[in-house]
Amino acid sequence: MPEKDPLWFKDAVIYELHVRAFYDSNGDGIGDFNGLIQKLDYLQDLGVNCLWLLPFYQSPLKDDGYDISDYKKILPSYGNMSDFRRFVKAAHSRGMRVLIELVLNHTSDQHEWFKQARESKTSKRRDYYVWSERADRYQEARIIFLDTEKSNWAWDPAAQSHYWHRFFSHQPDLNFENPRVRKDMQEILEFWLKTGVDGFRLDAVPYLFERDGTSCENLPETHAFLKELRAAMDAKYPDRIFLAEANQWPADVRPYFGNGDECHMAFHFPLMPRIFMAIRKEDAAPVLDIVKKMPAIPDNCQWALFLRNHDELTLEMVTQEERDYMVREYAADAKAKLNLGIRRRLAPLMSGGRRAMELLNSLLFSMPGSPVIYYGDELGMGDNIYLGDRNGVRTPMQWSGDRNAGFSAADTAQLFLPVIEDPVYGYQSVNAEAQKRTPTSFFHWTRRLLAIRKQYQAFGRGTMEFLPCTNSKIIAYVRAYEKQVLLIVNNLSRYSQPAEFDLNAYKDYVPVELFGSVRFPTIGELPYFLTLGPHSFYWFRLEPPANG
Ligand code: GLC
Ligand code: CA
């Protein structure tokens, strides 16, 4: 069992995976819980200590499970409740926590509630959703799935009314004004808490309430409800957590932490695209600016840092100019674009550049927060931008060079999505088995990175201070926690760079490089000099003088 520290999430290394895409145990072409259980050893060996599962509930799968038709049932092709319980137990016995999805904002239009609601104006479920005679209410609310939806209202012929939806039109928004909706959702939360899961990703959490004359995002009512939900959870389960998916500007993300009484964690959406800008521009400014703009968060809270996930690389929260830059640099092929973002995995975004991938991981694993790895990115898996929607980054995990990438024994035509087969990222060359056998592989490199991080709580819990550097291609910071002092230096450039730092505060300390335990020259009076190879980085521990 994992230890019972309520702040465990500060030391978490999260692995995001889709049950459907991970491992198929019964040869029907679809990954399942029994398959996932078989692959827990792999995840333990990699060194992650927390798993985040995409939705696995009953669903017509028109939004890959984010369209839930029964919150308390598991999609039969993934397994059943007892498989799920066995999975949670097996994960816990390996010291891994489990986060699952809580989709509050909307249901599938196939949910019993919606079926009943649309039947008649007097249906007892009518008020579970947001209806309107006219389709022009809440005009200030933006449309999120721009490539598919023209309006946040859809006409329902059965109901003879328009209903509100922030995502696909088959995902009607629940009406959180209705106390019964709030109560039912709390009950669903309780249901899953009882299974022993360690926390919830709160999907699409800014959109719960609507109000005329507002953007219908981040409303005070939404925060009040989340605080209520948190208090109810804390009362019985003090070590379970909420992780907010709030894709918002800094000033609007910050309130999801409340005063330490709302969400324990939130994804750092503002930082993510700016990391990609910084490496492409070879300039630290985008990262420095956004981190400086970010208001501090409460002590009992933590950022979830990520580079890629199951969605497109979102560019909603950047300026138009920044968005143009990102699209120009990273989505030269129009097929790579989706809505306001880019549907690519990490390795293709870096054109397969190993050093660039390592550098991005150095940032991901050393900046303040808990890092999230997207399944397959530890192998440098590729994508397929010709599959519809976001499916191109949700293809089967590449286990080996065998048929179907070792993911499934089904007929190839039966797979839920085709495996990646191109000559660069295809499973014949990029797969877990081959990389485990190769000590220099990206898998082994990532594994080592995780092992090093685990030795220093300063990574997850320490303060951060940027170190000024006259070379703008260098981004350096000091992370400190209790007696640990870490110095991190990253070279954003594809060429070698010199760096010079004022380290007077650490005079007589010895920087010890963490990968090889190599002692560097003692810090003296003069500026400290380092040279960094293309896209390289240093993680140092600063050792105090023996008599200090
Ligand atoms: C979140 C999910 C995304 C889903 C959407 C609607 O943004 O990450 O995959 O489509 O919510 O539920
Ligand atoms: Ca299966």
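The preceding data block contains the structure.
All values reported here derive from a predicted model rather than from experimental measurement. (Residues numbered from 1 in each chain as written. Chains lettered and ligands numbered in written order. Predicted model: local features only at pLDDT ≥ 70, side-chain atom pairs only at ≥ 80, totals over all residues. Heavy atoms only, no water.)

A. Representation of the site of ligand 1 within the structure. Taken together, 13 residues lie around ligand 1, and D63, H106, D203, E245 and D311 are the ones closest in. One of the side-chain nitrogen or oxygen atoms of R201 is found 2.9 Å away from an oxygen atom of ligand 1. Between an oxygen atom of ligand 1 and a side-chain N or O atom of D311, the distance comes to 2.5 Å. Protein burial of ligand 1: of its 310 Å² of free accessible surface, 96% is covered by the chains. Each residue belonging to the shell around ligand 1 can be placed in one class, and the counts come to 3 nonpolar, 3 polar and 7 charged. (Near = heavy atom within 4 Å. Polar contact = N/O pair within 3.5 Å; in protein donor to acceptor, adjacent residues only side chain to side chain. Areas by Shrake-Rupley, 256 points an atom, 1.4 Å probe, with all protein chains shown as cover. Nonpolar A, V, L, I, M, F, W, Y, C, P; charged D, E, K, R; others polar.)

B. Representation of the nonpolar core. Judged by nonpolar contacts, the single largest core of 167 residues is most densely connected at Y15, L43, F87, L104, F200 and F276. The contacts of L104, once residues within four sequence positions are left out, are L174, F176, M185, L202, D203, V205, L208, F225, L226 and L229. One finds L467, V478, V485 and V489 within the second-largest nonpolar core, a separate group that totals 18 residues. (Core = buried A, V, L, I, M, F, W, Y, C linked by side-chain atoms within 4.5 Å. Buried < 20%, exposed > 50% of the residue type's maximum accessible area, 1.4 Å probe, protein only. Contact = heavy atoms within 4.5 Å.)

C. Helix α5 (residues 112–119), seen in detail. Along α5, the residues classified as buried are W113, F114 and A117. For α5, the arc enclosing every buried residue in end-on projection is 90°, short of the 170-degree limit, so these residues lie on one face. Buried residues in α5 make contact with β4 (70–74), β6 (131–132), β8 (161–164) and α6 (179–193). (Helix = DSSP H or I, 4+ residues; strand = E, 2+ residues; numbered from the N terminus. Arc of directions from axis to C-beta.)

D. Representation of the packing of helix α9 (residues 271–281) against helix α10 (residues 285–293) in the model. One way to put it is that α9 packs onto α10 with a least axis distance of 7 Å and a crossing angle of 155°. Classed by the angle they form, the pair α9 and α10 counts as roughly antiparallel. Of the residues in α10, those touching α9 at L271, R274, I275, M277 and A278 are P286, V287, I290 and V291. In terms of residue class, the contact of α9 with α10 is made up of 8 nonpolar, no polar and 1 charged. (Axes fitted to C-alpha atoms, helices over the stretch in contact; angles between N-to-C directions. Parallel < 35°, antiparallel > 145°, perpendicular 65-115°, else oblique.)

E. Seen up close, α9. Of all 11 residues in α9, 9 are buried; the element is thus mostly enclosed. For α9, every residue scored as buried is listed here: L271, M272, P273, R274, I275, F276, M277, A278 and I279. Contacts from the buried residues of α9 go to α10, β12 (302–306), α11 (320–330), α12 (346–349) and α13 (354–366). Note on α9: the residue one or two positions beyond its end, E282, has a positive phi of about 55°.

F. Broad picture of the sheet that holds strand β11 (residues 265–267). If you trace the 8 strands once around the closed barrel, you get β1-β2-β5-β9-β10-β11-β12-β15, paired in parallel fashion. Between one strand axis and the next, the sheet turns by 25° as a mean value, whatever way the strands run. Here 3 bridges tie β11 to β12, and the two strands are oriented parallel to one another. Its bridge partner being in β12, M265 is matched across the sheet by Q302. This element, helix α7 (residues 220–236), spans β9 (199–203) and β10 (241–244) of the sheet and lies at about 155° to β10. (Pairing = 2+ DSSP bridges.)

G. Main features of the environment of R394. Along the chain, the position of R394 falls in the loop between β15 (370–374) and α14 (432–437). With near-sequence residues (within four places) excluded, R394 lies in contact with A21, D64, H310, D311, Y374, Y375, F416 and L417. Separated by 3.2 Å, the side chains of R394 and D311 make a polar contact.

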